[in-house]
Amino acid sequence: MSIHGTPVKKVPIHLQSAQNRILIKGGKIVNDDVISEGDIYIEDGIIKQVGRDLTIPGGTRTIEARGKLIIPGGIDTHTHMQAPFMGSVSVDDFYHGTKAALAGGTTMIMDFVIPLKGESLLEAYDKWRNWADSKVCCDYSLHVVVPNFNPKVRQEMEILTKEKGVNSFKMMMAYKNFLMIRDDEMIQIFDACRELGALGMVHAENEDAIELLANKLLAMGVTGPEGNDQSRPEEVEAEATNRAIVLADTVNCPVYIVHVMSKMAADVIAEKRKQGILCFGEPIAAGLGTDGSHQYNKCWRHAAGHVMRPPLRLDPTTSGYLLDMLASGNLQTTGSDNCTFNADQKAIGKDDFTKIPAGVNGVEDRMSIIWEKGVMTGKLDP
């Protein structure tokens, strides 16, 4: 098609911008099954050829990669960009968050649509798409949080799956009076996921036990970030993990446990997989890279900056244990749960740890943490 009758002049291929054609030459190409030396030819952002002695167009820009590893871009399975949450909005929007992802070698994020109270799944999905489409610097996809269940929600899940390409729905066993789902609705959502060919995802914690412990701590005068750790012991994560997997298996639905933070929860997943149950576990960058001692730091801002849920565990051997589980295949993926709040936002909970907005960073750091803690230690190969 031309504009105002002016014909479009076709530019010969040899005169087209070399920015559209790139040859990465002589590197060690890392694939899932093998590492081999070779070249990669890319045209318009798409890999066209992989091998040796490739035939390529003239004018192609060459990047010399001899002696270097060529690794596929990472996929962060768990982010929360510009997410309204606990009275605040996470400070990394889709532009800054995905820019950070690219800086760390991640070329795709998987974010979560979180409906507000009274908002439909479709309304929330459209809102997230509008936020993301105008800002993202890399590829992205969306999971959808389901905060309740009824025939209308079931219908919207089907529309999201069949018309919008969504194939994963998350249930929260935490955050009472906001997003928390009860067992009777959770098993119905699992059943709907199975019927739709979708994956059920779960934030696994026993919120009733946590609420009791938190109230006792507050009554004793424990108000600081250390209360986040003390009110959420490993047992409440492990119990909820087990319960979620049992409910999912009851209706033959595969289940994915997000942000596995403890040895006990990882052990539950490993044991269920040995029994043949289709379940998956996701450790995150923070849990692989550090521990929960930061929540006891004398600087309140530092301590609050490490508050997330489930919490980073005080046991310093947890990160190594989770990496071992990842290396053995008992845990399967890594995310970041990137949900960043600044010091002023965290200060909402300065007198009550239950009100500290939960979240840490990690979208930029995830791949380097896995490399340092996993590959450099010999636990993982590239």
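As shown above, the structure is provided for reference.
Visitor: Is there a simple way to think about the pairing of strand β3 (residues 46–51) in this case?
Guide: On a regular strand, each side chain points to the face opposite its neighbour's, so the side chains alternate between the two faces of the sheet. Relative to β3, strand β2 (residues 35–43) runs antiparallel, the two being bridged by 5 bridges. Along β3, the bridge assignment pairs Glu43 with Ile46. Where β2 folds back on β3, the antiparallel hairpin that results is connected by 2 residues, among which Asp44 adopts a positive phi of roughly 55°.

Visitor: What is the right way to read the sheet that holds strand β10 (residues 139–145) from this model?
Guide: Two modes of strand pairing occur in sheets, parallel and antiparallel, and in both the strands are linked by backbone hydrogen bonds. Taking strand neighbours across the sheet as the criterion, the 7 strands line up as β6-β9-β10-β11-β12-β13-β14 in an open arrangement whose pairing is parallel. Edge positions in the sheet fall to β6 (74–79) and β14 (279–281), since each has one partner strand and no second. Taking the axes of each pair of neighbouring strands and ignoring which way they run, one obtains an average angle of 25° across the sheet. Note: strand β13 (residues 255–257) against β14, 3 bridges, orientation parallel. Paired with Ile257 across the bridge in β14 is Gly281. Of the strands in this sheet, β13 and β14 are in contact with helix α8 (residues 263–274), which crosses β14 at around 150°. Against the sheet, helix α13 (residues 366–375) makes contact with β6 and β9 (106–113), and its axis sits at roughly 110° relative to β6, the strand it touches most.

Visitor: Explain the nonpolar core to me, please; I cannot follow it from the model alone.
Guide: Proteins that are soluble and globular tend to have nonpolar side chains buried together. Counting residues in hydrophobic clusters, the biggest one holds 79 residues, and the most contacted among them are Met157, Phe169, Phe190, Val202 and Ile257. Aside from chain neighbours lying at most four places away, what touches Phe190 is Met171, Gly200, Val202, Ala244, Leu247, Ala248, Val251, Cys253 and Val255.

Visitor: Where do I start with the packing of aromatic side chains in this structure?
Guide: Each aromatic ring pair is characterised by the separation of its centres together with the angle its planes make. For the coordinates displayed, the defined rule picks out 4 aromatic pairs. On the basis of an interplanar angle of 45° and a centroid distance of 6.1 Å, the ring pair of Phe85 and Phe178 is categorised as tilted. In this pair, Phe85 is assigned in strand β7 (residues 84–85) and Phe178 in the loop between β11 (168–172) and α4 (183–196), connecting sequence segments 93 residues apart. For Phe85, a relative accessible area of 8% corresponds to the buried category. On the accessibility criterion, Phe178 (35% relative accessible area) is partly exposed. Taking the centre distance of 6.2 Å and the plane angle of 55° together, the rings of Phe94 and Tyr140 count as tilted. With Phe94 in helix α1 (residues 94–103) and Tyr140 in strand β10, this residue pair connects regions lying 46 residues apart in the sequence. One exposure class covers both Phe94 and Tyr140, and it is buried. Taken together, the ring pairs connect Phe85, Tyr175 and Phe178 into an aromatic cluster.

Visitor: I would appreciate a short explanation of the pairing of β9 in the present structure.
Guide: Alignment of β6 against β9, held across 4 bridges, turns out to be parallel. Residue Asp76 lies in a different strand from β9, and its bridge partner there is Ile109. Alignment of β9 against β10, held across 6 bridges, turns out to be parallel. Among the inter-strand pairings, Asp111 is bridged to a residue of β10, identified as Leu142.

Visitor: I'm lost on the pattern of salt bridges in this one. Help?
Guide: Opposite charge on two side chains permits pairing when their charged atoms draw close. Enumeration over the complete set of coordinates arrives at 24 salt bridges. For Lys135, the salt bridge is made with Asp93, and the minimal N-O distance between the two is 3.7 Å. Taken together, the residues Lys135 in the loop between α2 (121–133) and β10 and Asp93 in the loop between β8 (88–89) and α1 connect sequence positions 42 residues apart. Salt-bridge contacts for Lys350 lead to Asp351; the nearest nitrogen and oxygen are separated by 2.9 Å. Through salt bridges with shared partners, a single network forms among Arg154, Glu158, Lys162, Asp191, Arg194 and Glu195.

Visitor: Explain the packing of α8 against helix α11 (residues 318–328) here, please?
Guide: In helix packing, the relevant descriptors are the interaxial angle and the interaxial distance, both defined with respect to the helix axes. As a packed pair, α8 and α11 sit with axes 10 Å apart at the nearest point and diverge in direction by 15°. By the criterion of interaxial angle, the relationship of α8 to α11 is roughly parallel. Note on packing geometry: the crossing formed by α8 with α11 is left-handed. From α8, Lys263, Ala266, Asp267 and Ala270 reach across to α11, where they touch Thr318, Tyr321, Leu322 and Met325. In terms of residue class, the contact of α8 with α11 is built from 5 nonpolar, 1 polar and 2 charged.

Procedures and definitions
- Residue positions are counted from 1 within each chain, in the order its sequence is given.
- Local features in a predicted model are, by the rule used here, given only for residues with pLDDT of at least 70; side-chain atom pairs are given and counted only at 80 or more, and totals for whole chains, interfaces and linings are based on all residues.
- The side-chain figures draw on all heavy atoms in the structure; neither hydrogens nor water molecules are used.
- A pair of strands is considered paired only if DSSP assigns at least 2 bridges between the two.
- Numbering of helices and strands runs from the N terminus; a helix is a DSSP stretch of H or I covering at least four residues, while a strand is a stretch of E covering at least two.
- Here, axes are lines fitted to C-alpha atoms. For helices the fit covers the stretch in contact, and angles between N-to-C directions go from 0 to 180 degrees.
- Should any heavy atoms of two residues lie within 4.5 Å, those residues are counted as being in contact.
- Among the buried residues, those of types Ala, Val, Leu, Ile, Met, Phe, Trp, Tyr and Cys that are joined through side-chain atoms within 4.5 Å form a nonpolar core.
- The classification of residues rests on relative accessible area computed with a 1.4 Å probe and restricted to protein chains. Under 20% of the type maximum is buried, over 50% is exposed, and intermediate values are partly exposed.
- In this scheme Phe, Tyr and Trp rings, the latter by its six-membered ring, pair at centre separations within 6.5 Å, and the angle between planes marks the pair as stacked below 30 degrees, edge-to-face above 60, and tilted otherwise.
- When a carboxyl oxygen of Asp or Glu lies within 4 Å of a side-chain nitrogen of Lys or Arg, that pair is called a salt bridge.
- Our angle categories are set so that under 35 degrees counts as roughly parallel, over 145 as roughly antiparallel, 65 to 115 as roughly perpendicular, and the remainder as oblique.
- Throughout, a crossing is termed right-handed when the near helix is turned clockwise from the far one, and left-handed when it is turned anticlockwise from it by less than a right angle.
- Basically, the charged four are Asp, Glu, Lys and Arg, the nonpolar ten are Ala, Val, Leu, Ile, Met, Phe, Trp, Tyr, Cys and Pro, and anything else, Gly included, counts as polar.

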